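# Per-entry structural report
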Amino acid sequence: MGELFPKLPVDRWIENVVDFLDDHLGIVFDMITTVIGGLVDLFALLFSGLPSWLLIIVLVLLAYRAGKWPIALFSFIGLLLIENLGYWEHAMDTLALVMTAGLISVIIGIPVGIWCARTDSVRNVVTPVLDFMQTMPAFVYLIPAIFFFGLGKVPGVIASVIFAMPPTIRLTNLGIRQVPAELIEASDAFGSTAWQKLVKVQMPLARPTVMAGINQSIMLALSMVVIASMIGAKGLGADVYRAVTQIKIGAGFEAGLAIVIMAILLDRITQSMGKKKNA
Amino acid sequence: MPKIKVEQLTKVFGRQPQRALPLVKQGKTKQEILKETGLTVGVNQASFEVEAGEIFVIMGLSGSGKSTLVRLLNRLIEPTEGKVLIDHADIVQMNEQQLQEVRRKKLGMVFQKFALFPHRTVLENVEFGLEIQNIPKSEREPKAREALSLVGLAGWEDSYPDQLSGGMQQRVGLARALANDPDVLLMDEAFSALDPLIRKDMQDELLELQATMQKTIIFITHDLDEALKIGDRIALMKDGTIVQIGTPEEILTNPANEYVEKFVEDVDRSKVLSAEHVMKRAQTITLDKGPRVALQLMRDSGVSSLYVVDRKKTLLGVVTADAVNTAKQESLTLESVMRKEIPTVSPKTLLHELFDLVAFSDIPVAVVGEQNRLLGVVVKGSVLGGLAGKVNPEVGSTPHADQTAAAMEGANSGENAGTNAMNPASLNASANTRVNIGVNKSENKQAAADVKTDEEHAFAEERQVK
């Protein structure tokens, strides 16, 4: 076997591609680095700049709006605990990372999802790409990410986006395709343009499904923070990573607990955004 | 000039539908084409014209292509071939913008499952058509409210569709289509999802609205009774082909082929056919004749009553055999024994409104036109004959002076069995002088009371005879 068919040099091809991109598209990567880095810094500034008590109040109010008072109570206790354990600063770094990754996922994911819903051929191309993004181990694309974007938060965000974006695309596509055919007919019959149909009929009706996708994306982005910390992204992930390498069970648990609290809080708030205002 | 003109409109579903067109033109059936090419012919060379202000019903069973046809008219489904001319402009040739413009301004559509937007309030639903024309809120809201009050839903503006019953939801659907004030309404099985009583109400209301709106309505249905009730004309479809186009009466009385005949077999004819379809020639006499002539005439024609008319055939009254006998014995004129209170109906009176009148009348019910002109008479036998599908189309066109009583009473034996059983009853009742039915419009309350008791009397008598 080995003699008849020499091994395909897939590894060399990929390295050549990466080299080529690095040589010729350096400016593009610099721009991406600036934008993403700027976004993360902006969020971090916002979250860390505000006094923790004010942010706790805002988050508790959001949680209260999202659900009933049990969630608000949980948020209040949870956030106080994070503060008490001394992880507040890092939790805010993580939040900034997750929010940036989530935002980018939405900005790219929803239009791509809409495109998929409108054109079958696009969906047929995008679907395997999404499968690839979700199943390829994250460490694998961390390597070229470092190559292009250096160490730190930017490659962390990029890795998170790659891993977290597929649910938004998939569920946007699904949500639009699930709009009943007769409503599309009604919209067309009255002379809607494609854009009017999208904005006035398809997106409002797909909203719960799309929001479920965004919720999933944010959860997945949060699950990437530990991996992102391995290439220098700050935050709770870095605390977990340090605890693991130094075998500090207690500290690891504390940082992990903070991540769980953040996860539940983000999940409930984003979930409720999908359910709201649906008669 | 027709509002809508459809020419050779064809829709073939499947890959490369053009392949089927030569076969369609050769006149091959849907089944043959499916076998040869694997393509499904949805609509097969449909051609028809719809006049402005007309309710044109397209009827057929499921799978007959009627819903496809209506969607070809506004290109919700792209036609494979053919023309759809609305006000002379061919929809099929239009580009996207032109099509949108026609859909916005000229075509309103009402859907079987209502197709209301669940995320919008009733008012916002009705506003939809205007909203996408970028008409400002201040302008479109009054129009939407007006449309809602037109369908009787004022006060429900802020509800959501799922808070409304099916009938109300479809009213919203109708209001949404009307808010744009389109010339043409496409109604795809609009009332089929409603339960029977609500459906009937909606049909009545549509007809009522139509009386003032004068829209051109294309109405799709699988329900023949509905088609007959609301259609000015009906197109019957089978396997994508229009089998027959005609008025409800034409479809019922002259089915184009076996398929149509089978289709109309079960219909409630009493709600479609009217007095003019079943009336027979009246046996008449003028007042210058004497009782002896009258008796002779009755004997010759075997009837027990004669309608008295003047030379212009204006109905004056009726003389019965008993009355004429009395006149003869007491040397009275016909005029003095003539009964003036007699049941009359207009030629457009539907059969089901005739039942009571005919059943309880001792004399044939007179059908009168303008200026009280006697057009013919309706007897029990002819009503039954009409229900059984035997319509007498020759009345009024070929007068025969010597028309016999047998024909009058619908006793052409063999035409139907029920007739003979009924005849003695009517004769018997007419012999009874106490029976006196007054159904003229001039009748007073006393007369109305008489009718009541006499009706009962006649009814009892009739049962005895049976």
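Residues numbered from 1 in each chain as written. Chains lettered and ligands numbered in written order. Predicted model: local features only at pLDDT ≥ 70, side-chain atom pairs only at ≥ 80, totals over all residues. Heavy atoms only, no water.

## Side note on the packing of helix α5 (residues 88-118) of chain A against helix α10 (residues 194-223) of chain A
Residues and elements named next belong to chain A. Contact geometry for α5 and α10: axes closest at 9 Å, N-to-C directions at 140°. Considering the angle they form, α5 stands oblique to α10. The two elements α5 and α10 meet at a crossing, and its hand is right-handed. Taking contact as the criterion, the partners of T94, V98, A101, G102, S105, V106, I110, I114 and R118 in α5 are, on α10, A194, L198, M203, V210, I214, S217, I218, A221 and L222. For the contact of α5 with α10, the residue count by class is 13 nonpolar, four polar and one charged. (Axes fitted to C-alpha atoms, helices over the stretch in contact; angles between N-to-C directions. Helix = DSSP H or I, 4+ residues; strand = E, 2+ residues; numbered from the N terminus. Parallel < 35°, antiparallel > 145°, perpendicular 65-115°, else oblique. Left-handed = near helix turned anticlockwise from the far one by under 90°. Contact = heavy atoms within 4.5 Å. Nonpolar A, V, L, I, M, F, W, Y, C, P; charged D, E, K, R; others polar.)

## Observations regarding the confidence of the model for chain B
On average, residues of chain B score 80 in pLDDT, and 83% of them are at 70 or above. Listed scores for the predicted complex are pTM 0.70 and ipTM 0.78. (pLDDT = per-residue confidence, 0-100.)

## Describing the sheet that holds strand β15 (residues 365-368) of chain B
All names here are of chain B. Across the sheet, which stays open at both edges, the three strands sit in the order β14-β15-β16 with mixed pairing between neighbours. The sheet is open, and its two borders are formed by β14 (344-345) and β16 (374-378), each paired with just one other strand. Here β15 runs beside β16; their pairing, made up of four bridges, is antiparallel. Residue V367 lies in a different strand from β16, and its bridge partner there is G376. (Pairing = 2+ DSSP bridges.)

## Brief notes about the side chain of T121(B)
Along the chain, the position of T121(B) falls in the loop between β6 (107-110) and α5 (122-131). Non-local contacts of T121(B), meaning those with residues more than four positions away in its chain, are made with E157(B), D158(B), S159(B) and Y160(B).

## Thoughts on the interface of chain B and chain A
At the junction of the two partners, chain B supplies 26 residues and chain A supplies 17 residues. Carbon and sulfur atoms make up 63% of the area that chain B and chain A hide from each other, which totals about 1,900 Å². When the area that chain B buries against chain A is broken down by residue, the three leading residues are H119(B), F128(B) and I132(B), summing to 24%. Between the two partners, chain B and chain A, sit two salt bridges. E185(A) is the partner of R71(B) in a salt bridge, and the nearest nitrogen-oxygen pair spans 2.5 Å. Here the residues of the side of chain B that touches chain A are counted per class, giving 12 nonpolar, six polar and eight charged. (Buried area = accessible area lost by both parts, 1.4 Å probe. Salt bridge = Lys/Arg side-chain N within 4 Å of Asp/Glu carboxyl O.)

## Here we look at the pattern of salt bridges
All names here are of chain B. For the structure shown, the criterion picks out 37 salt bridges over all chains. Between K137 and E127 there is a salt bridge, with its nearest N and O atoms 3.0 Å apart. Highlighted residues: K137 in helix α6 (residues 137-150) and E127 in helix α5, separated in sequence by 10 residues. A salt bridge links R311 to D288; the shortest N-O distance between them is 2.9 Å.

## Some details on a nonpolar patch on the surface
Residues and elements named next belong to chain A. A surface patch of nonpolar side chains, amounting to about 700 Å² of accessible area, comprises L46, L50, W53, L54, I57, V58, L61 and L62. Counting residues per element, the nonpolar patch draws most heavily on helix α3 (residues 52-66), at six residues. Along the polypeptide, I57 turns up in helix α3. (Patch = residues over 30% accessible without salt bridge, like charges linked within 9 Å, V, L, I, M, F, W, Y side chains within 5 Å. Areas by Shrake-Rupley, 256 points an atom, 1.4 Å probe, with all protein chains shown as cover.)

## What about the environment of L73(B)?
Residue and element names in this part refer to chain B. Mapped onto the fold, L73 is located in helix α3 (residues 66-73). The sequence separation of L73 and L9 amounts to 64 residues, and the corresponding C-alpha distance is 9.2 Å. Those residues in contact with L73, other than ones at most four positions away along the chain, are V6, L9, V84, I86, I91, L107, L186 and I218.

## Some details on the side chain of S105(A)
Structurally, the position occupied by S105(A) is in helix α5. Contact partners of S105(A), with chain neighbours within four places excluded, come to I110(A), V161(A), A164(A), M165(A), T168(A) and S217(A).

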